[in-house]
Amino acid sequence: MIALLWWLVFVFALLALAYVHASRAAWTGVLLAVLLVYSELSPAAGWIKAFVWFAFAAPLVVVWAPTLRRRLFSDRLYAFYRASMPDLSRTEREALEAGSTWWDAELFSGNPQWRTLLDSPTRALSEAERAFLEGPTEQLCAMLDDWRDNHVRHDIPPQAWSFVKEQGFFGMVIPPEYGGKGFSQTGHASVIMKLATRSISGALTVMIPNSVGPGKLLLKYGTDEQKRYWLPRLAAGDEIPCFALTGPEAGSDAGAIPDTGIVCERDGVLGVRLDFDKRYITLGPVATVLGLAFKLIDPDGLLDTGRSELGITLALVPVSTPGVETGRRHNPMHMSFMNGPVRGHDVFVPLDALIGGVEYAGQGWRMLIECLTDGRSISLPALSTAAAKVSARATGAYARIRSQFRTPIGYFEGVQEALARIAGNTYAMDAARRVTLAALDDGKKPPVISAIMKYNMTERARQVIADALDVHGGAGVCLGPRNVVGLLHQFPPVAVTVEGANILTRSMMTFGQGAIRCHPYLLAELNAANDTDRGRGAATFDRAVTSHIGLSMSNGVRTVLLGLTGGALARAPRAGPVARYYRQLTRLSAAFSVTADLLLLTLRGELKRRERLSARMADIVSQLYIASAALKHFDASGAPAGDLPLVAWACEDALHRAERAFTELFDNMEPPWLAAVLRWFVFPWGLDFRRPSDGLDHEIARILLAPSSTRDRLTAGLYLPRSTREHLGRLEDALNQLCQTEAARRTLADAVKMKVASGRTLAEQVESAVTAGAITADDAARLQDADLARREALAVDDFESL
């Protein structure tokens, strides 16, 4: 019995040290203390004590003796690792090294430190940004009309083009010293989002120069001369930029760009002769300057770099340059934004056209990765959240004013299921958008989070719009000026395609890049494996792999203990109803980290081709990030009680999705016995996370059905026309009047039920009730006005001919 107690002491000490991921010194100190006490107090025989000392002390000697450790273990593993890992291409290496990590690295670590997230700064709009939103942005929204622009004019109106240039919409991210607004990422994204709630095409027009256009590249990499010349012209709208990357043979695989630039001399000027064929270029048909990506080749060594193939390079090419062809348009889902091919043959530009000059020749892929991060984490989330906010506002109003079987359709449980998804997804999207923008404004450049944002925001927008169309029924199908949500259905196919197709983003980029970039030790191990100095690589690998094994042991223990206790051992930084969500996210983070290590260990380089496993890991970390962002947003907003059902829905939905991704992963892992063991580690008592309950769905669906501060917070930042000549304005007016006359309507219904009043139509019932004294004349007038507003809001467009 005493021996059993001592073994329990040792086991407890080991589990505790592993759970807290104790340092090497802590492990040594605690184990030596336990061994000394054991030697003094245990009645065990001397040889047993010697065996126990050897069993625990021998590993400590190996840990503290790097020469011995390398000879016995790490050098052998290093040789195996070098042989089994594929070589990294230059573009892959540049993608891995671009940007920085943030909360994504905490989630990959298996033990996220919540203070890192909760203490991260939030970003309020500056006075200038708020004034721009409430002034010029509102004015521009009033000029735009997606129905007319998309289906009649096929362009935003001329006065809108002029206004965009005059008011500096193209220069929002350009600093004031160059004539721009100098807005933060939050301010810039807020403008894009508000515009998108009115017109996706208008928002796209403004978005490109501020996100993936040459302006961002010039600010970070341009020479002083390039900045002085180009930035004031871009800010003033004198130049309209576009960025030409995608071509017929190179979409997501930018490394396959066939477009070339040959260094040569022409008329005594050293420059580059370009041949390119690009397509899907937003603003391409109207651009005056192209940001161009191509492969730079120096066959005659004119740049004296010692290399003939320098790699992907970026240049600014005025459209007026001989050989450049623009002007033709694509028709992306009948949306009116300018998009089309740009081509060039035998186009000569001087060397000073290279962005950043010759110094940045061949570094274009790294430059692009950092630029595309903005598009993925700023612009597309702004557009997606805008579509969700409009859908939430319009669909909630429609579901309240549209009745069937004498009941608003929003009170039917089937409709509430769709309304709950609309409201919950909108909250989750807006939270993730705001948290990510604040991180960017704080100087973070996380490419993995940008991939998470791009994929998940556009996919959730697709779900929200589909649910909105389902609730609107025939009114959502019949396009016209009165159909707010029907016009949005054109947006998701475009959004999921641009800035890297969603299939690629999910199945290759998010986990493929994140597993290496965000893991505390994996990038160091990979660099060591590719080090040309084998001795130096082996030493680096030894340090990294030793720490890696310690982390894996810790997360393995944490996964089991957190699974057995249902996450109860995890610490929550906040008390109350949200505490359990913090604990469960910590639990799944540990499980995610262990699973990632086992996948990398068993599949190694093969994981690159097991895209569906990678996609499911991407799903898990995506849901962990979205739920984390929902909690951070709720906390930063002051934890308003009215938002609690929304944050609960967002977290429960994310946890359920993450669990489903885990189970699908385990169903397809090899070998099956390892998957079975891992499944038990993560879910020892079976599946734990259910979809949001019917009761919670009912609670948040009701938020959309009546005016409230919660509804206003959920849809904050959208363009809300006050005029009832605009359809969103009609819906809002009808909803407000209906809610304001609710008491009078109930009184009228009671009067009819009690036979005090009668009539077939509302007008007849109102007149009868007034005569009987059941309602006042003022109530009667308000009821009829409300009914008129309701019927006007429910009307559907029809046309003489199409």
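Presented here is a report on the structure given in the accompanying data block. For clarity, every value in this text was computed on a predicted model and none was experimentally measured.

What follows is about the overall build of the protein chain. Within the protein chain, the regular secondary structure consists of 33 helices and 9 strands. A globule of 802 residues ought to have a C-alpha radius of gyration of about 28 Å, and the protein chain, at 31 Å, matches this closely. Projecting the C-alpha coordinates of the protein chain onto the three principal axes gives extents of approximately 105 × 90 × 45 Å. Sequence-distant contacts in the protein chain: of pairs separated by 6 or more residues, those separated by 24 or more amount to 76%. About 33,400 Å² of surface is accessible on the protein chain, with carbon and sulfur atoms providing 55% of the total. Each charge class in the protein chain was averaged separately, 85 positive and 85 negative side chains, and the resulting centres sit 5 Å apart.

As a further point, take empty space enclosed by the protein. What the rule picks out here adds up to 3 cavities of 30 Å³ or more. The space that makes up the largest cavity amounts to roughly 100 Å³. What lines the largest cavity is a set of 16 residues, among which H472, A475, R482, N483 and H727 lie closest to the centre. Looking at the lining of the largest cavity, the elements with two or more residues in it are α15 (364–401), α19 (484–488), α30 (727–740) and α33 (777–794). Quantified by volume, the second largest cavity comes out at close to 40 Å³. Around the second largest cavity sit W102, S120, P121, V435, A438, A439, D442, K444 and K632, which together line it. The element that contributes the greatest number of residues to the lining of the second largest cavity is helix α16 (residues 413–441), accounting for 3 residues.

Two numbers describe how helix α3 (residues 46–64) lies on helix α4 (residues 66–84): the axes approach to 5 Å, and their chain directions differ by 105 degrees. Classified by the angle between their axes, α3 and α4 sit roughly perpendicular to one another. Within the contact between the two elements, α3 uses V61, V62, V63 and W64 and α4 uses P66, L68, R69 and L72. Tallied by class, residues from the contact of α3 with α4 come to 7 nonpolar, no polar and 1 charged.

Here we take up a nonpolar patch on the surface. A surface patch of nonpolar side chains, amounting to about 510 Å² of accessible area, comprises V61, L68, L72, F73, I549 and M553. Those elements giving two or more residues to the nonpolar patch turn out to be α4 and α23 (534–564). Among the structural elements, L68 can be located in helix α4. Given a relative accessible area of 35%, L68 falls into the partly exposed group.

Here we take up α4. L72 marks where α4 bends most, by close to 45 degrees. Here α4 has its buried residues at R69, S74, Y78 and Y81.

In this fold, S554 is placed in helix α23. With a relative accessible area of 2%, S554 lands in the buried category. If sequence neighbours within four positions are ignored, S554 has contacts with A18, Y19 and H21.

Let us now look at the environment of T101. Within the secondary structure, T101 is located in the loop between α5 (90–97) and α6 (103–109). Taking the C-alpha atoms as reference points, T101 and H151, separated by 50 residues in sequence, lie 43 Å from one another. Apart from residues lying up to four places away in sequence, T101 is in contact with R517 and C518.

Interhelical geometry of helix α24 (residues 579–603) versus helix α25 (residues 611–636) gives an angle of 160 degrees and a closest axis separation of 11 Å. When the interaxial angle is binned, α24 and α25 end up roughly antiparallel. α24 and α25 meet at a crossing whose hand is left-handed. Each of Y581, Y582, L585, L588, S589, F592, T595, A596, L599 and L603 in α24 lies in contact with α25, whose residues at this interface are L613, M617, I620, V621, L624, A627, S628 and L631. Among the residues making up the contact of α24 with α25, the classes are represented as 15 nonpolar, 3 polar and no charged.

Once that is clear, we can look at the pairing of strand β3 (residues 269–282). Sheet topology places strand β2 (residues 260–266) next to β3; 7 bridges connect them, and they run antiparallel. Bridge pairing in β3 places E265 opposite L270. Between β2 and the antiparallel strand that follows it, β3, lie 2 residues; D267 among them carries a positive phi value of about 55 degrees. Of the pairings in the sheet, the one linking β3 to strand β7 (residues 339–350) comprises 9 bridges and is antiparallel in character.

Reading the values: rules and limits
Residues numbered from 1 in each chain as written. Predicted model: local features only at pLDDT ≥ 70, side-chain atom pairs only at ≥ 80, totals over all residues. Heavy atoms only, no water. Helix = DSSP H or I, 4+ residues; strand = E, 2+ residues; numbered from the N terminus. Rg over C-alpha atoms; globule rule 2.2 N^0.38 Å. Contact = heavy atoms within 4.5 Å. Areas by Shrake-Rupley, 256 points an atom, 1.4 Å probe, with all protein chains shown as cover. Lys, Arg positive; Asp, Glu negative; His and termini not counted. Charge placed at Lys NZ, Arg CZ, Asp CG, Glu CD. 1 Å grid on protein atoms, 1.4 Å probe; cavity = no way out; pocket = protein on both sides within 12 Å on 5 of 7 lines; lining within 4 Å. Points joined across faces, edges and corners; volume = space filled by probe spheres on them. Axes fitted to C-alpha atoms, helices over the stretch in contact; angles between N-to-C directions. Parallel < 35°, antiparallel > 145°, perpendicular 65-115°, else oblique. Nonpolar A, V, L, I, M, F, W, Y, C, P; charged D, E, K, R; others polar. Patch = residues over 30% accessible without salt bridge, like charges linked within 9 Å, V, L, I, M, F, W, Y side chains within 5 Å. Salt bridge = Lys/Arg side-chain N within 4 Å of Asp/Glu carboxyl O. Buried < 20%, exposed > 50% of the residue type's maximum accessible area, 1.4 Å probe, protein only. Bend = angle between axes of the 7 residues up to and from the residue. Left-handed = near helix turned anticlockwise from the far one by under 90°. Pairing = 2+ DSSP bridges.

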